[in-house]
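An overview of the molecular structure
As a plain string of letters, each chain reads:
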Amino acid sequence: MIDSTTSIRMVNKKLIVPDQVTIPFITGDGIGPDVTAATQSVVNAAIEKAYQLEKKIIWKEVFAGEKAFHQTGKWFPQGTLNAFSEYIVGIKGPLTTPVGGGIRSLNVAIRKDLDLYVCLRPVRYFRGINAPVSQPEKIDVIIFRENTEDVYSGIEFEADSQETKMFLEWLKEQSPDSYQKIRFPQSVGLGIKPISKQGSQRLIRAAIEYAIRNKRPIVTLIHKGNIMKFTEGAFQMWGYDLAESEYKDFIYTARQFEHTKKHTGIAEAKKEKEWALSNGRIWMNDVITDAAFQNLLLYPQDFSVIATSNLNGDYLSDALAAQVGGIGISPGANINYQTGIAIFEATHGTAPDIAGKNLANPSSLILSSVLMLQYLGWNEAAELITKALEKTINHGQLTQDLAQFVIGSTVLSTSEFAKAIISNF
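Figured I'd write up the structure that's included with this text. (Residues numbered from 1 in each chain as written. Predicted model: local features only at pLDDT ≥ 70, side-chain atom pairs only at ≥ 80, totals over all residues. Heavy atoms only, no water.)

Moving on to the overall build of the protein. Assigned secondary structure in the protein consists of 16 helices and 17 strands. If you line up the protein on its principal axes, its C-alpha atoms span 65 × 60 × 50 Å. A total of 425 residues make up the protein; the buried ones form 53% of that total. Taking as baseline every contact in the protein between residues at least 6 positions apart, the subset at least 24 positions apart corresponds to 74%. Accessible area of the protein: about 20300 Å², with a carbon and sulfur share of 52%. Across the protein, the mean location of the 43 positive side-chain charges is 4 Å away from that of the 45 negative side-chain charges. (Helix = DSSP H or I, 4+ residues; strand = E, 2+ residues; numbered from the N terminus. Buried < 20%, exposed > 50% of the residue type's maximum accessible area, 1.4 Å probe, protein only. Contact = heavy atoms within 4.5 Å. Areas by Shrake-Rupley, 256 points an atom, 1.4 Å probe, with all protein chains shown as cover. Lys, Arg positive; Asp, Glu negative; His and termini not counted. Charge placed at Lys NZ, Arg CZ, Asp CG, Glu CD.)

Ordered in space as β4-β3-β5-β15-β14-β6-β7-β13-β10-β12-β11, the 11 strands form an open sheet in which the pairing is mixed. Sheet topology places β4 (56-61) and β11 (251-253) at the edges, where each strand pairs with a single neighbour. Across the sheet, the mean angle separating the axes of adjacent strands is 25 degrees when strand polarity is ignored. Two elements, strand β3 (residues 20-26) and strand β5 (residues 89-92), share 2 bridges in a ladder whose sense is parallel. Bridging from a neighbouring strand, Phe25 pairs with Ile91 of β5. The strands touched by helix α8 (residues 232-246) within the sheet are β10 (218-223), β11, β12 (282-288) and β13 (305-308), with β10 carrying the most contacts at an inclination of about 155 degrees. (Pairing = 2+ DSSP bridges. Axes fitted to C-alpha atoms, helices over the stretch in contact; angles between N-to-C directions.)

In this section: the side chain of Thr22. By the element assignment, Thr22 lies in strand β3. Within polar-contact distance, the side chain of Thr22 engages the side chain of Thr6 at 2.6 Å. In this structure Thr22 touches Thr6, Ile58, Lys60 and Tyr87, once residues within four positions along its chain are discounted. (Polar contact = N/O pair within 3.5 Å; in protein donor to acceptor, adjacent residues only side chain to side chain.)

The next point concerns empty space enclosed by the protein. A complete count under the given rule lists 4 cavities of 30 Å³ or more for this structure. By volume, the largest cavity is sized at about 50 Å³. Going through the elements one at a time, β3, α1 (32-51) and β5 are the ones with two or more residues in the lining of the largest cavity. The element best represented in the lining of the largest cavity is α1, accounting for 3 residues. (1 Å grid on protein atoms, 1.4 Å probe; cavity = no way out; pocket = protein on both sides within 12 Å on 5 of 7 lines; lining within 4 Å. Points joined across faces, edges and corners; volume = space filled by probe spheres on them.)

On the surface, Leu297, Leu298 and Tyr299 cluster together to form a nonpolar patch covering roughly 310 Å² of accessible area. Structurally, the position occupied by Leu298 is in helix α11 (residues 289-298). (Patch = residues over 30% accessible without salt bridge, like charges linked within 9 Å, V, L, I, M, F, W, Y side chains within 5 Å. Salt bridge = Lys/Arg side-chain N within 4 Å of Asp/Glu carboxyl O.)

Let us now look at the packing of aromatic side chains. Under the defined criterion, the tally for this structure stands at 8 aromatic pairs. An angle of 65 degrees between the planes, with centres 5.5 Å apart, marks the rings of Phe144 and Tyr210 as edge-to-face. Of this pair, Phe144 sits in strand β7 (residues 140-146) while Tyr210 is found in helix α7 (residues 197-213), placing the two residues 66 residues apart along the sequence. Both residues of the pair, Phe144 and Tyr210, count as buried. Each residue in the set Tyr252, Phe257 and Trp283 is aromatic and connected to the rest through ring pairs, giving one cluster. When the ring centre of Tyr51 is taken as reference, the NZ or CZ atom of Lys55 above it lies at 5.5 Å. (Phe/Tyr/Trp six-rings, centres within 6.5 Å; stacked < 30°, edge-to-face > 60°. Lys NZ or Arg CZ within 6 Å of the ring centre and 35° of its normal.)

A few words on unusual backbone geometry. Residues other than glycine seldom take positive phi values, yet Ile88 does so here, at roughly 75 degrees. Its location among the elements puts Ile88 in the loop between α3 (78-87) and β5. The phi dihedral of Lys215 is positive, around 55 degrees, even though this residue is not glycine. Relative to the elements of secondary structure, Lys215 occurs in the loop between α7 and β10. Taking relative accessible area as the criterion, Lys215 reaches 73% and is therefore assigned exposed.

The next thing to look at is the layout of surface pockets. In this structure, the largest pocket occupies an estimated 1200 Å³ of space. Lining the largest pocket are 42 residues; nearest its centre among them are Tyr210, Arg213, Asn214, Tyr337 and Gln374. Those elements that provide at least two residues to the lining of the largest pocket are β2 (14-16), β6 (118-124), β7, α7, β14 (331-335), α13 (363-376) and α14 (379-394).

All right, on to the pattern of salt bridges then. Taken as a whole and judged by the stated rule, the model has 16 salt bridges. Residues Arg205 and Glu246 are paired through a salt bridge, measuring 2.9 Å at the closest nitrogen-oxygen approach. Taken together, the positions of Arg205 in helix α7 and Glu246 in helix α8 put the pair 41 residues apart, joining distant regions of the chain. What makes Arg205 partly exposed here is its relative accessible area of 24%. Owing to a relative accessible area of 45%, Glu246 belongs among the partly exposed residues under this scheme. A salt bridge links Lys261 to Glu258; the nearest nitrogen and oxygen atoms lie 3.3 Å apart.

Function cannot be read off these values alone, since they describe shape.
See below:
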C-alpha cells in the first residue's frame, strides 16, 4: 500500500516532492548489493549534512533480476512495476539479463513498460582519472537517447520462420525492387526499425528544454539519415521542424542558416546566425553518426547536448564514456518527462567475477543518485556529492579498476571509497 504522505506527485507537469520521500530501489545482481549499499550511505550522509533533519529518503526495496526470480519465480514482478509507477522516482543497480526465451533485457522491459522514452547519459571528465584521450577535460556532453523505438523495439523474425517467409512473399509482390535488395533471401533474418514523428519529437523536445534550462549552447541531432532516409532522416527533419515551430525564440538551426545562405548569400547567413547566437539563441545542428564518432574524439568541445535515436545512442554513450575513463564513472537515467516517472541506474554490468568482494567501483550509481537528487530539486545534496567525488578522485583515492592506471593512487574497497567521499564533503 502506497504511503501518500511520502510519495511524489505530478501536478501540472511539475514534481511535488515531500521532505520525507519514499524511493523504491532495486539492489541489482552481481556487484549490485555492493554499489547500492555504498550509494545509499553517500546519499543519506549528503542529505543529512545539507538539510540536517529537514529532509530524508525512505528507501523501499523492490525486486527484479536474480533476487526476484529466486523469491517469486519471476524476473520482473508486477509489484516492482507498480511501485515505480506509484512512487514516480526510483533507482536501480545492474541487472542480469536472463538467458533463453522470455524477456530480452530487464532494463529494456522496464523502460518500455513505463514508457521511459528518454535515456539520459551525461558524460564529463573527473580530474585524476587516467583517460585514453589527450584532453578529456574538453568533454562535457549530455546525451538524450530515444528509449522506446528503433531496433530496440524488439521486432525480429528468425530466418526460415513463417513470419519471414510471409513478409518476403509480400515484399516480392508489392515492391520487387526492394525485394531485389535482399542479398540472400533464402537465409535472411529480418528486423523492423520503427521511428515515429511522435517518438522523435518528444525526445528532441526534452533535449531542447534541458538545453534551455541549463543554458547549454548547442543541441546536435545525430542520425544516419544519408542512408536511412525515412527513419533516421525523418528524425533529423522532425527535429528541425519542432525547433523552428515551437522554439523559434530560443533556437537557431543549421537548416535556417542553409536556407538563408541559398536565398540571400553566405554573408547574410553568417550575419543572421551571429545575431541569433549573440542574442542568446541555442545553435541546433546535425551530424551524421559516423562523422559524430570522429568529431567527438577530435572536437568534443563542439558538442553540448546530443539528441539521437536508440541504437546510435547506445553506441555513442559508451564510446564517449570511454574517452573519460569508462562507463564505471558514467551515470544514467530513464525518464518520462510527461508522467514524471524516472528511474536512475548504474550504466555498467553485474561483474559477477568480483560480486560480493567489496571491490566494485560505485561511482556510476553514485553519480546517478546525483541526477536523482537534482531531479527531486535537492540540489544542495547533489552538489555536496559531486564536489566530494571530484576531490576524492583528484586525491588519488580510487577503487581498483581506476587505481591500476594511476601511479601513486590509493586503492580503496567499495565501502572505503564511499566513506572517503563522505569525509570529503
